[in-house]
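Summary of structural features
Listed below, chain by chain, are the residues.
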Amino acid sequence: MKTDIILSGVGGQGILSIAAVIGEAALEEGLYMKQAEVHGMSQRGGDVQSNLRISDKPVASDLIPKGSADIIISLEPMESLRYLPYLKEYGWLVTNSRPFINIPNYPVLDKVNEELDKLPHKVILDVEAIAKELGSVRAANIVMLGAATPFIGIDYDKIEDGIRRIFGRKGDEIVTMNLNALKAGYEVAKQIQTT
Amino acid sequence: MEKHLFLGDEAIAQAAIDAGLSGVYAYPGTPSTEITEYIQNSAVATERGIHSKWSTNEKTALETALGMSYAGKRALCCMKHVGLNVAADCFMNAAMSGINGGLIIITADDPSMHSSQNEQDNRFYGNFAMIPILEPSNQQEAYDMVYDGFELSEKLGYPVLLRVTTRMAHSRAGVVTRPMREENKMNCPEDGRQRFILLPALARKRFKSLLAAQDGFVAASEESPYNQYFDAPDKKKGIITTGIAFNYLSENYPDGFENPVLKITQYPLPKKLVVRLVEECDEILVLEEGFPFVEEQLKGYLGIGIKVHGRLDGAIPREGELTPDSVALALGKEVKSFYSVPEVVEQRPPALCQGCAHRDMYDALNDVLKEYEGAKVFGDIGCYTLGALPPFRAIDSCIDMGASITMAKGAADAGVFPAVAVIGDSTFTHSGMTGLLDCVNENSPITIVISDNETTAMTGGQDSAGTGKIEAICAGIGVNPAHIRSMTPLKKNYEEMKQIIREEIEHKGLSVLVPCRECIQTITRKKKAAKQ
């Protein structure tokens, strides 16, 4: 088992909270992992990414080589495209559809969507809208994690356990809300994966 | 034997605690900040009373760490690569005095300049000071080399420099920890006056001792379990890796190496192992994260002898961090992408946060400076450096910590008017105060803006040494209190701010403006914490 994941987004969106749950689940499974993060200047609203590598054998490089990422998980549609050179030929791109516009020259969204359409394997969903329906916009990241779960190579219930462990100290209500968010994202992706 | 998921920085911090650390001294700087933060947040460290408060700058940090070492205890000093420039005076001379309690100095280098103004490779500093250097290849080694490093420092009698780079500092992996050791007892050195008073006559003796210690340092490298030789059948080429370059090489040979490999993680170079590789192979490829440090040593000035490939002949790009791909290309392997970045993707540079006080400061300053031809604004290191970017385009320079004030002075000496300096509160206390005294002594006609957000913001909101006392510090240094002007940078105060800025630019002498409003990030964090 070996899964290479690129997480991307805009500084402040919280891609690292997604990585934290996956990491927790991987560690509990006894898997090896490495996760390179971005700290510092770009966290101020710049483009950010994290390389997350999980394997049943020791992982050598902290960075993912080009053309070998199994999944790109992105909280922002244009940002998901920035890392395409790293995606495997039949890799999955899982992205939020809602743009984060903090630059004056953000492209016309249709042009971004055209590029997303060209990819063979993708899940595109509005995680904020789904999270809002569930009652908490703050769970948007976990909706995203749910949508990526079918492709991570760790069982769904292990990811659920990861959420329980990470959010446990915040109380049952928060845990339940995040579990619902995970499920909502997961169901969207499952449907796309099987059709 | 517990396994934890640690950032490289956290592995270093936990190892230091476990090795019986008594104090960490540091100034925040990416990618080193998390080491000290981890110790500040560690329950065990708090219980033990391990010192972990931030220092005013890297020089004060290293001197304080040396003082703790003098008293026999184990000390850690952490900084980003450019921080060692600030601490260099103490660094060079701590190699002359040697240490008493174990002293490890961490340099966190930033090749590719993710969050820095240069990509200097501080292994050169280690060589310059002639002390041992450690450069772990992964998080577990970072832990083990720090844990054992204090003992190494004490055994050799010298400080040890440990170098990590961004990808080690800020990458997580599983780390197995070791049993926690007791702290050293306080024990000042009996021969302290012979070693720590570097008067010329004594310093000459100390330098002879340092020179005599070199063979022992090489022997320590040769015996180090972290310097490893991997034999392989194809001797046409031998490969040397340093630090994390080993991981990128391994990534390219998942089923084992085809050529002999020498993995270096401790310096000075392990001579016996290098000689063995050179004798067994026809040519050498050097893979190192940073400058061609090993490559230059092997090649020498004339470049005669065995063929050496690396950054100098373009086998690896001369600049930037290594990647598994740049290493693959150096090995003659194919790198293949199936998709390219679509043209529609635009750059997304970092920016000042919405609601940030620096924004209001720059808006007011820009408006006033429009009234003058030839105004120059000398910037400094911090979030407000982002004032260089649109929509502000407000600064003309950003060189090093504190340079805003002294560059403005030099430019004013040359006739520039208005000459304005913009510096943050933490950077001011780090390296701006001495330059301010130069300005006071000549009543230099410059306007200094100390944009005070009451924190060290860029690195994540650490305590700032001057919080609540910026005006008092300026007055104490000798700035005329009538020209120390405080203000609250908010939209509703624009006209008042602009009036003050105008008045002080027109003042024929030194002025200090202190726009003060707390960082929006730290406020949000405090509110969140209060809610929970």
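Residues numbered from 1 in each chain as written. Chains lettered and ligands numbered in written order. Predicted model: local features only at pLDDT ≥ 70, side-chain atom pairs only at ≥ 80, totals over all residues. Heavy atoms only, no water.

Here we look at the interface of chain A and chain B
- Each side of the interface is counted separately: chain A has 51 residues, and chain B has 48 residues.
- If you look at where chain A meets chain B, you find 4 salt bridges.
- Between E76 of chain A and R348 of chain B there is a salt bridge, with its nearest N and O atoms 3.2 Å apart.
- Between chain A and chain B we count 20 residue pairs in polar contact (both at pLDDT 80 or more) in total.
- Looking at the side of chain A that touches chain B, the elements that each hand over two or more residues are α1 (15–28), β2 (32–36), β3 (47–55), α2 (77–82), β5 (87–96) and α3 (109–117) of chain A.
- Top contributing element to the side of chain A that touches chain B by residue count: β2 of chain A, with 5 residues.
- Here 3 bridges tie β2 of chain A to strand β7 (residues 171–176) of chain B, and the two strands are oriented antiparallel to one another. Counted as the bridge partner of A36 of chain A is S171 of chain B from β7 of chain B. (Contact = heavy atoms within 4.5 Å. Salt bridge = Lys/Arg side-chain N within 4 Å of Asp/Glu carboxyl O. Polar contact = N/O pair within 3.5 Å; in protein donor to acceptor, adjacent residues only side chain to side chain. Helix = DSSP H or I, 4+ residues; strand = E, 2+ residues; numbered from the N terminus. Pairing = 2+ DSSP bridges.)

Points about unusual backbone geometry
Residue and element names in this part refer to chain B.
- The residue after T30, namely P31, is reached through a cis peptide bond having omega 5°.
- Inspection of the secondary structure assignment puts P31 in the loop between β2 (21–26) and α2 (33–41).
- The amide bond that connects Y267 to the next residue, P268, takes the cis arrangement and shows omega of 5°.
- For P268, the location among the structural elements is in the loop between β11 (266–267) and α12 (271–280).
- With phi around 45°, R393 is a residue other than glycine that occupies positive phi space.
- Positive phi outside glycine occurs at E454, with the angle close to 60°.
- Mapped onto the secondary structure, E454 falls in the loop between β16 (447–451) and α18 (470–477).

Notes on empty space enclosed by the protein
- Tallied over the entire structure, the rule returns 2 cavities of 30 Å³ or more.
- Put simply, the largest cavity is a space of about 100 Å³.
- Every residue lining the largest cavity is counted, 14 residues in all, and those nearest its centre are R44 of chain A together with C353, C356, C383 and C519 of chain B.
- Breaking the lining of the largest cavity down by element, the ones donating at least two residues are α15 (357–369) and α20 (520–531) of chain B.
- Within the lining of the largest cavity, the residues separate by chemical class into 10 nonpolar, 3 polar and 1 charged.
- Empty space within the second largest cavity amounts to approximately 40 Å³.
- Taken together, M361, L365, V449, M487, M497, I501, L513 and P515 of chain B make up the lining of the second largest cavity.
- Every element with two or more residues in the lining of the second largest cavity is listed here: α15, α19 (494–506) and β18 (511–515) of chain B.
- Of the residues that constitute the lining of the second largest cavity, the class distribution is 8 nonpolar, no polar and no charged. (1 Å grid on protein atoms, 1.4 Å probe; cavity = no way out; pocket = protein on both sides within 12 Å on 5 of 7 lines; lining within 4 Å. Points joined across faces, edges and corners; volume = space filled by probe spheres on them. Nonpolar A, V, L, I, M, F, W, Y, C, P; charged D, E, K, R; others polar.)

Comments concerning the domain arrangement of chain B
- When its domains are assigned, chain B resolves into domain 1 (3–223), domain 2 (228–330) and domain 3 (357–523).
- Centre-to-centre, using C-alpha coordinates, domain 2 of chain B lies 47 Å away from domain 3 of chain B. (Domains from an automatic or database assignment.)

Some thoughts on helix α7 (residues 172–194) of chain A
- Here α7 of chain A contains 23 residues, and its C-alpha end-to-end distance of 32 Å stays within 8% of the 33 Å for a straight helix at 1.5 Å per residue.
- Considering only its buried residues, α7 of chain A is in contact with β6 (122–125), α4 (127–134), α5 (140–148) and α6 (156–167) of chain A. (Expected span 1.5 Å × (residues − 1).)

Let's talk about α4 of chain A
All names here are of chain A.
- Here α4 has its buried residues at V127, I130 and A131. Looking down the long axis of α4, one finds its buried residues gathered within 95° of arc, a one-sided arrangement. Opposite its buried face, α4 presents the exposed residues K132 and E133, each directed more than 90 degrees away.
- Elements in contact with the buried residues of α4: β5, β6, α5 and α7.
- The opening residue of α4, the one whose side-chain oxygen lies 3.2 Å from the backbone nitrogen of E128, is D126.
- A positive phi of about 105° marks G135, the residue just after α4. (Buried < 20%, exposed > 50% of the residue type's maximum accessible area, 1.4 Å probe, protein only. Arc of directions from axis to C-beta.)

A short note on the sheet that holds strand β12 (residues 283–287) of chain B
Residue and element names in this part refer to chain B.
- Spatially, 5 strands are ordered β8-β10-β9-β12-β13 in an open sheet, and the strand pairing comes out mixed. With partners counted over all chains shown, the strands left at the sheet margins are β8 (228–230) and β13 (307–309), one partner each. On average, adjacent strands in this sheet sit at an angle of 20° to one another, irrespective of strand direction.
- In this sheet, strand β10 (residues 261–264) lies alongside β8 in antiparallel orientation, the contact comprising 3 bridges. (Axes fitted to C-alpha atoms, helices over the stretch in contact; angles between N-to-C directions.)

Topic: the pattern of salt bridges
- For the coordinates displayed, the defined rule picks out 48 salt bridges over all chains.
- Put simply, E251 of chain B and R53 of chain A hold a salt bridge, and the shortest N to O gap is 2.8 Å. Remark: R53 of chain A occurs in strand β3 and E251 of chain B occurs in helix α11 (residues 245–252); the pair is interchain, linking two chains. Both residues of the pair, E251 of chain B and R53 of chain A, count as buried.
- Across the salt bridge formed by R98 of chain A and D126 of chain A, the nearest N and O atoms sit 3.2 Å from each other.

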